[in-house]
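# Understanding the architecture of this molecule
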Amino acid sequence: MTIENKLIDELLKDYEKPEDVSGANGLIQEITRRVYERAMAGELTYHVGYEKHDVAGNNSGNSRNGSSVKTIKGTFGTIPIEVPRDRNGTFEPKIIEKGQTRFKGFDENIISLYARGLSTREIRQNLEEIYQVEVSPALISIVTEEVMDEVRGWQNRPLDNVYFVVYFDALHFKVRDGGHVRNKAVYLAIGINLEGHKEVLGIWIADTEGAKFWMQVFTELRNRGIGDVFIACVDGLKGLPQAIEAVFPKTQVQLCIVHMVRNSLKYVGWKQRKEVAQDLKAIYTSATEAEAERSLEEFAAKWDKKFPLISKSWRNNWVHIIPFFAFPPEIRKIIYTTNAIESLNMSLRKVTKTRSSFPNDDALLKLLFLALRNIAKKWTRPVPDWRAALNRFAIIYEDRMPNH
């Protein structure tokens, strides 16, 4: 639709200051009100079958019956709009539906602010300062609660039959539960699919973890369509290896190298952290398992007096570290990546950092889902060097590769 400049100039001829256009009772509000009222008048004409004041309406069985005022909230303020009525009470406008109190797009604005981690109070202040619209905490709760239907649909959506790598990770948040604030774990599963794209497979909130909990997670993933996972990259999560081997017996469980390095460096002061990190790199970049064992011995000889727990941790977890050395560099690069987990965790912490605690599990789940939805919009490309990695997967897992 093209609007002539002459018409715009006519509308703006009395313009003196910005609020004359965008402020309360300004030009935009007035145009919006008039356009909606004209549109509803047209809808009523179609409904009753005759134009206003047309004699064709005499004894037609239905007629116009004045109007009622409805106040509608929008990003350009609160606007009173006259809604026309018919005598039989059968007219329901489509442009502003029965029971509607907000313009389309207003709810999305609230959800967008919520997804950025703003509290209810901050959302109210934001809407009032920018749009001069007052909203109640109850309205914000109603709007964001509608997200839960989308969350449930997303959490139960069908998944691909095969994922090459699935990362499992946990974050911790304070949640009010039964009158007390408790630390709860949020578990994430991030899959790498056939196209090499990252995909969050699900979110689970639990008080405790263990084989029983993970068995439920893997059974859910299998019921949603996953038939095979080549490599499960884990952070030593309790009970996870046993559970995944029970549900996906062919899956290779690999301890996440990123987490091993991070957990090792927490024992080290800033002055020596770079040197220790370099010596740890010699272990996980070794060409073979035997070379990695020699590098671990050299690390222990150098650092055990100062940091004895580091080499002990690597030895205790060695059985789930060594599968890494059987893979070619192209696949190792996929396993050892900070991007899949670290950037995701950083983004989630960014939107939750202002929340000291959450009122319940659903409030936490809603915010994480909305944040993940925004993050996933940026995942438009495959992981780096995916084509080379895919060729290696095709050789190693020839009999398990999906037909595509």
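It is worth spelling out the overall build of the chain at this point. Within the chain, the secondary structure is distributed over 18 helices and seven strands. Every one of the 404 residues in the chain was classed for burial, and the buried ones make up 45%. Restricting the contact set of the chain to residue pairs at least 6 apart, pairs at least 24 apart contribute 63%. When the accessible surface of the chain is split by element, carbon and sulfur atoms take 50% of a total near 22,600 Å².

For helix α8 (residues 211-223), with 13 residues, the first-to-last C-alpha span of 18 Å sits near the 18 Å given by 1.5 Å per residue. By the burial criterion, the buried members of α8 are F213, W214, V217, F218 and L221. Looking straight down α8, one finds its buried side chains confined to an arc of 125°; they lie on one side. Structural note: α8 exposes K212, Q216 and N223 on the side pointing more than 90 degrees away from its buried face. If you follow the buried residues of α8, they end up packed against β3 (162-177), β4 (180-192), β5 (198-206) and α9 (240-247).

The tally for this structure, following the rule as stated, stands at 19 aromatic pairs. On the basis of an interplanar angle of 40° and a centroid distance of 6.1 Å, the ring pair of F230 and F393 is categorised as tilted. On the criterion of sequence distance, the pair formed by F230 in strand β6 (residues 228-234) and F393 in helix α18 (residues 386-396) is long-range, its members being 163 residues apart. Under the relative-accessibility criterion, F230 is labelled buried at 0%. These aromatic residues form a ring-pair network of at least three members: F168, Y187, F213, W214, F218 and F248.

Bringing helix α11 (residues 270-284) into the picture now. With 15 residues, α11 extends 22 Å from end C-alpha to end C-alpha; this agrees with the ideal 21 Å at 1.5 Å per step. Every buried residue of α11 is accounted for by V276, L280, I283 and Y284. Elements in contact with the buried residues of α11: α10 (257-265), α12 (289-303), α13 (308-316), α14 (318-321) and α15 (329-335).

Next up on the list: the sheet that holds β4. With mixed pairing, the five strands of this open sheet are ordered in space as β5-β4-β3-β6-β7. Two strands bound the open sheet, and with one partner strand each, they are β5 and β7 (252-255). Across the sheet, the mean angle separating the axes of adjacent strands is 25° when strand polarity is ignored. Relative to β4, β3 runs antiparallel, the two sharing 13 bridges. Following the sheet pairing, F168 is matched in β4 by A189.

As for its placement among the helices and strands, E298 is situated in helix α12. On the accessibility criterion, E298 (55% relative accessible area) is exposed. Residues E298 and I283 lie 15 residues apart in sequence; the distance between their C-alpha atoms is 9.4 Å.

What follows concerns the pairing of β6. Across the seven residues that make up β6, a large majority, seven, are buried. Across four bridges, β6 lies against β7 in parallel orientation. What sits directly across from C233, in β7, is Q254.

Moving on, we get to the pattern of salt bridges. Across all of its chains, the model carries 13 salt bridges by this definition. Close ionic contact of E275 with K302 constitutes a salt bridge, the shortest N to O distance being 3.0 Å. Pair noted here: E275 is in helix α11 and K302 is in helix α12, with a separation of 27 residues, a long-range link. By relative accessible area, which is 47% here, K302 ends up partly exposed. One network of salt bridges, with partners in common, ties together D177, R182, K184 and D361.

This part is about the confidence of the model for the chain. Of all residues in the chain, 89% attain a pLDDT of 70 or more, and the chain-wide mean is 83. Ranking the elements of the chain by mean pLDDT puts helix α2 (residues 19-22) last, at 66, and α12 first, at 95.

Okay, the packing of α10 against α13 next. It is the contact of α10 with α13, at a shortest axis distance of 9 Å, that shows an interaxial angle of 155°. Classified by the angle between their axes, α10 and α13 sit roughly antiparallel to one another. Of the two possible hands of crossing, α10 and α13 adopt the one that is right-handed. Along the contact surface, α10 presents M260, V261 and S264, while α13 presents I310, S313 and W314.

Rules of the game
- Residues numbered from 1 in each chain as written.
- Predicted model: local features only at pLDDT ≥ 70, side-chain atom pairs only at ≥ 80, totals over all residues.
- Heavy atoms only, no water.
- Helix = DSSP H or I, 4+ residues; strand = E, 2+ residues; numbered from the N terminus.
- Buried < 20%, exposed > 50% of the residue type's maximum accessible area, 1.4 Å probe, protein only.
- Contact = heavy atoms within 4.5 Å.
- Areas by Shrake-Rupley, 256 points an atom, 1.4 Å probe, with all protein chains shown as cover.
- Expected span 1.5 Å × (residues − 1).
- Arc of directions from axis to C-beta.
- Phe/Tyr/Trp six-rings, centres within 6.5 Å; stacked < 30°, edge-to-face > 60°.
- Pairing = 2+ DSSP bridges.
- Axes fitted to C-alpha atoms, helices over the stretch in contact; angles between N-to-C directions.
- Salt bridge = Lys/Arg side-chain N within 4 Å of Asp/Glu carboxyl O.
- pLDDT = per-residue confidence, 0-100.
- Parallel < 35°, antiparallel > 145°, perpendicular 65-115°, else oblique.
- Left-handed = near helix turned anticlockwise from the far one by under 90°.

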